[in-house]
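Fold and contact review
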Amino acid sequence: MKRGFNIFSFLTRGYILHISAIIAIGLAMYFPGLDIILALIYIYLVWKEGSHCQRRLSQVEMAAVAVLWQLPGYVLAASILLPMESASQFSYYFIFMLELWDTPLLPLISMLPTWTLLGRPLYYYLMFGLVPALSLYYYTPVLLRNRLQSRSAGSI
Amino acid sequence: MVFPVLGLLLLAVIGAANPHLLVSRSGSVIYTYAASFTKGDIGTGYGSPSPGAVPFSQLEPGDIVLGGWPNTAYGQFSHAGLYLGDHKVLEGYVDYGLSIQDLSTYEHYSRVCLLRINAPAEVKANAVAYALAEEKKMFYPLAFKNGSRLWNCTKIIWRAYADQEIDLDEIGDLWIAPESLAQSRWVSVIYEKGI
């Protein structure tokens, strides 16, 4: 029961962090440059959140939180990439919704070179890649912990 | 709690910097969007394609092409392009960024409007050159007028002409919508369909 509550608690914290970052960084775009600073703060806070989470949850629980935290992004990306896109009259908006979901990191992506691949800009592909990248980034403290533990075990 | 607080703070600062939009709301993008939302219109609109002979041959580089559906959330038009010549327009799409596209896509809109900027040809050529220099940059639907990293289909046209000291936004809005271009005192209508 306590475990389930912990997962729910970290998941809620993750959603609050991400959704409030969408709003704040979206508004910060009014002041060009400030959005970049807030995007960097967001990256720092996600790392802190992941580090805090890995002290309280098991590896599997942490992985579940990392994926569920970005679930809307996975659903949107899948609905665009798979034929599900024609499922409803709103499917046209999925790509816009995915870009809005990616808002916290868009200021950084917008600074990349304007390369194109197969006729589409680099940022288009990154919009899809950011979702699993954020999950992995959130989960990275667990990977680092495991690595440190295996090192210290090896040195004994 | 960093971002919720920052969000509220930024909202207050942006509101304080634009008091005219709080007093005279009519015509602003956010007011138009909110009014449409109450009617159930939330996006770019949709409808049955209505192909018809749009006199694109009348267009000159620097002219503006608007397209729209009946239930667009932010005015009569949902999309805008800057005519480049040779049947090409510079447009903004989320999956292509600012990109050069064929004009023929506008034939299908149920509403079409062709606008001419009342300015010397040299000014319009400079506006086209400005817009082309931003090609392939990132599309963001909620791009504020400020900044040059994030664009949408209308902001690039507004900025290209603002750089030539022609401000197509009459109310000093935070965002610029296709509707704003149609209402500018700098433009005259060449052709319209379904208005």
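Counting restarts for each chain, with residues numbered from 1 along the sequence as it is written. Each chain gets a letter, beginning with A, and each ligand a number, beginning with 1, in the order they are written. Residues qualify for local features only when their pLDDT is at least 70, as the model is predicted, and side-chain atom pairs are given and counted only at 80 or more; totals for whole chains, interfaces and linings, by contrast, use all residues. Water and hydrogen atoms play no part in the side-chain values, which are based on all heavy atoms of the structure.

Here is a general trend for soluble globular proteins: nonpolar side chains tend to be buried in one another's company. Counting 62 residues, the largest nonpolar core has Y42, I95, L98 and Y138 of chain A together with F3 and F144 of chain B as its most contacted members. Helix numbers and strand numbers start at the N terminus; a helix is a DSSP run of H or I with at least 4 residues, a strand a run of E with at least 2. Broken down by element, this core gets its largest block of residues, 10 residues, from helix α7 (residues 122–155) of chain A. Among residues more than four places away in sequence, those in contact with F3 of chain B are L17, S20, A21, A24, I25, L38, I41, Y42 and L45 of chain A. Side-chain atoms within 4.5 Å link the members of a nonpolar core, which is a set of buried Ala, Val, Leu, Ile, Met, Phe, Trp, Tyr and Cys residues. Note on exposure labels: buried denotes an accessible area under 20% of the residue type's maximum, exposed denotes more than 50%, and partly exposed covers the range between, all computed with a 1.4 Å probe on protein chains only. Membership of the second largest hydrophobic core comes to 29 residues, among which are L82, C113, I157 and I166 of chain B. Any two residues having at least one pair of non-hydrogen atoms within 4.5 Å are treated as being in contact.

What follows covers the pattern of salt bridges. By convention in these notes, a salt bridge is any Lys or Arg side-chain nitrogen within 4 Å of a carboxyl oxygen on Asp or Glu. On inspection of all chains with the given rule, the structure shows 10 salt bridges over all chains. R13 of chain A is paired through a salt bridge with E49 of chain A; the nearest N and O atoms lie 2.8 Å apart. Of the two residues, R13 of chain A sits in helix α1 (residues 2–28) while E49 of chain A sits in helix α2 (residues 34–56), which places them 36 residues apart along the sequence. According to the relative accessible area criterion, R13 of chain A is partly exposed, its value standing at 38%. E49 of chain A gets classed as buried once you look at its relative accessible area, which sits at 9%. The closest approach of N and O atoms between E60 of chain B and K124 of chain B, which form a salt bridge, is 3.9 Å. One end of the pair, E60 of chain B, is in the loop between α3 (29–38) and β1 (64–68); the other, K124 of chain B, is in helix α4 (residues 121–133), and 64 residues separate them in sequence. Residue classification places K124 of chain B among the buried residues on the basis of a relative accessible area of 6%.

Let's shift gears to the domain arrangement of chain B. Residue and element names in this part refer to chain B. Segmentation of chain B into domains returns domain 1 (2–39) and domain 2 (56–193). Just so you know, the domain bounds were taken from an automatic or database domain assignment. Each of domain 1 and domain 2 has a C-alpha centre, and the two are 23 Å apart. Each partner contributes to the interface: domain 1 provides 11 residues, whereas domain 2 provides 12 residues. When domain 1 packs against domain 2, close to 910 Å² is buried across both sides, 70% of that on carbon and sulfur atoms. In this description, buried area is defined as the sum, over both parts, of the accessible area (probe of 1.4 Å) that is lost when the two are combined.

Attention shifts here to the side chain of R111 of chain B. Residue and element names in this part refer to chain B. Here R111 shows up in strand β5 (residues 111–117). Think of it this way: Lys and Arg go in the positive column, Asp and Glu in the negative one, and His and the chain ends go nowhere. Here R111 is buried and forms no salt bridge, its nearest opposite-charge partner E179 lying at an N-O distance of 6.8 Å. N or O atoms closer than or at 3.5 Å make up a polar contact, with two conditions inside protein: a donor-capable atom paired with an acceptor-capable one, and, for residues adjacent in sequence, both atoms drawn from side chains. Within the local environment of R111, its side chain forms a polar contact with the backbone oxygen of W69, the two atoms lying 3.2 Å apart. With residues near it in sequence (within four places) discarded, R111 still touches L66, G67, G68, W69, P70, G75, Q76, F77, K193, G194 and I195.

Among the surface-exposed residues, I37 and I41 of chain A together with V2 of chain B lie close enough to one another that they form a single nonpolar patch of about 220 Å² accessible area. Relative to the helices and strands, V2 of chain B resides in helix α1 (residues 2–17). A residue is classified by how much of its surface remains accessible, and V2 of chain B, at 40% relative accessible area, is partly exposed. Residues with no salt bridge and a relative accessible area higher than 30% make up the patches, which join like charges within 9 Å and nonpolar side chains (Val, Leu, Ile, Met, Phe, Trp, Tyr) within 5 Å. To measure how exposed things are, a 1.4 Å probe is used in the Shrake-Rupley method; for residues, cover is taken only from the protein chains shown.

This part takes up the confidence of the model for chain B. Residue and element names in this part refer to chain B. One confidence number per residue, pLDDT, is output by the predictor and ranges from 0 to 100. Of all residues in chain B, 93% have pLDDT values of 70 or greater, and the mean over the chain is 89. Within chain B, no element has a lower average pLDDT than α3, which sits at 78, and none a higher one than α4, at 97. Listed scores for the predicted complex are pTM 0.90 and ipTM 0.88.

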